[in-house]
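Here is what each chain is made of, one letter per residue.
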Amino acid sequence: MEILKCEGITKVYGTGENKVTALNNVDLSIDKGEFVAIVGSSGSGKSTLLHLLGGVDKPTDGKMWVEDTELSTLNPTSAAIFRRRKVGLIYQFYNLIPTLTVRRNILLPMLLDKRKPDQDYFNQIVESLGMKEKLDCLPSQLSGGQQQRTAIARSLLYRPALLLADEPTGNLDQKNSREIIEMLKLSNKSLKQTVVLITHDEKIALEADRIITIEDGKILSDKKLGRG
Ligand code: ADP
C-alpha cells in the first residue's frame, strides 16, 4: 500500500542571482512498512526533501500526498496538525525539553494535542528502547544515545504514518549509532513503521530495504535491496 507519493516536486530557494533549485521535478512513491535510506553528497537536496515530506516547508511546484493528505493544499493550522499527527521527525540533535523528565518529553506531543496516550503502547515502546529505568531522569542525565532513544520514543508514540530521520546518528559514537539503527529497524519490523532515513554512512544505508541516491536535486538511482 502506497503511503507517500510525490509528483513533480520542485523546490526553489531565493530569487535572481541567489536562486537555488534544491529539488528538481522529483517523483517518488513509498509503500507502507518500507525502510528507505536517502543518500547523496552535501547540498544535493536530501534535507529539503525530508522537510517537504514532514510538512515543515512547501514545494515551489508539484504535489505530494502522505496517506490521503495532499500537503500543498494545507493551510498553516492544518499543516501544524499534520506535522504533529502524521510524521515523526528525528534530527541529529534531539530537541528534548531540558526541564522535563524523559516520561514527559515522550508524552509531550500527545499532551499538547489533549490526547490520551495508550499506556500499553507507551510501555511497549519504552521497554523495547531500553528506557524504562530512565523515565524519571532529565535529559541532562542521559547519554547521547539515550537522548536520541527518547526522541524516537516520542515520535513512535504517535504512530506516525512516516518516521523521518535526518542523520539521526550524526552526533553519536559507533556503538550508540549501531543501537539507534537497530531501534529504527525494530520499529520498522515489529510496528510496521515506515522509515525514511537520511545518512551519509554507506554501512547504515545498506541496512535499509531501499536506497535512493539524490544528486543536484534529482533522484540519481533508486535501488531495492534484498533483506536477510
Ligand atoms: P543536503 O541535505 O543534501 O545537504 P539541502 O537540502 O540542505 O541538501 O540543500 C540543497 C540546496 O539547497 C543547497 O544548495 C542548499 O544550500 C540550498 N538550501 C537549503 N536550504 C536553504 C534555504 N533555507 N535557503 C536557501 N538555500 C537553501
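Digging into the sheet that holds strand S2 (residues 20-31)
Spatially, four strands are ordered S2-S1-S4-S5 in an open sheet, and the strand pairing comes out antiparallel. At either margin of the open sheet sits one strand with a lone partner, and together these are S2 and strand S5 (69-70).

Some details on the site of the ligand
Close to the ligand lie Tyr13, Val20, Ala22, Ser41, Ser42, Gly43, Ser44, Gly45, Lys46, Ser47 and Thr48. At 2.7 Å from an oxygen atom of the ligand is found a main-chain nitrogen or oxygen belonging to glycine 43. Here lysine 46 contributes a side-chain N or O atom positioned 2.8 Å from an oxygen atom of the ligand. For the ligand, whose free accessible area comes to 560 Å², the fraction covered by protein is 58%. Taken together, the elements giving at least two residues each to the shell around the ligand come down to S2 and helix H1 (46-53). When residues of the shell around the ligand are assigned to their parent elements, the largest contribution, three residues, is made by H1.

What to know about the packing of helix H3 (residues 102-112) against helix H5 (residues 144-157)
Packing of H3 against H5 brings their axes to within 8 Å, and their N-to-C directions diverge by 30°. As judged from the angle between their axes, H3 and H5 are roughly parallel. Crossing handedness for the pair H3 and H5: right-handed. Note on element contacts: H5 touches H3 through Thr150, Ala153, Arg154 and Leu157, opposite Val102, Asn105, Ile106, Leu107, Pro109 and Met110. When the residues that make up the contact of H3 with H5 are grouped by side-chain class, the tally is seven nonpolar, two polar and one charged.

Criteria and cut-off values
- Residues numbered from 1 in each chain as written.
- Predicted model: local features only at pLDDT ≥ 70, side-chain atom pairs only at ≥ 80, totals over all residues.
- Heavy atoms only, no water.
- Pairing = 2+ DSSP bridges.
- Helix = DSSP H or I, 4+ residues; strand = E, 2+ residues; numbered from the N terminus.
- Near = heavy atom within 4 Å.
- Polar contact = N/O pair within 3.5 Å; in protein donor to acceptor, adjacent residues only side chain to side chain.
- Areas by Shrake-Rupley, 256 points an atom, 1.4 Å probe, with all protein chains shown as cover.
- Axes fitted to C-alpha atoms, helices over the stretch in contact; angles between N-to-C directions.
- Parallel < 35°, antiparallel > 145°, perpendicular 65-115°, else oblique.
- Left-handed = near helix turned anticlockwise from the far one by under 90°.
- Contact = heavy atoms within 4.5 Å.
- Nonpolar A, V, L, I, M, F, W, Y, C, P; charged D, E, K, R; others polar.

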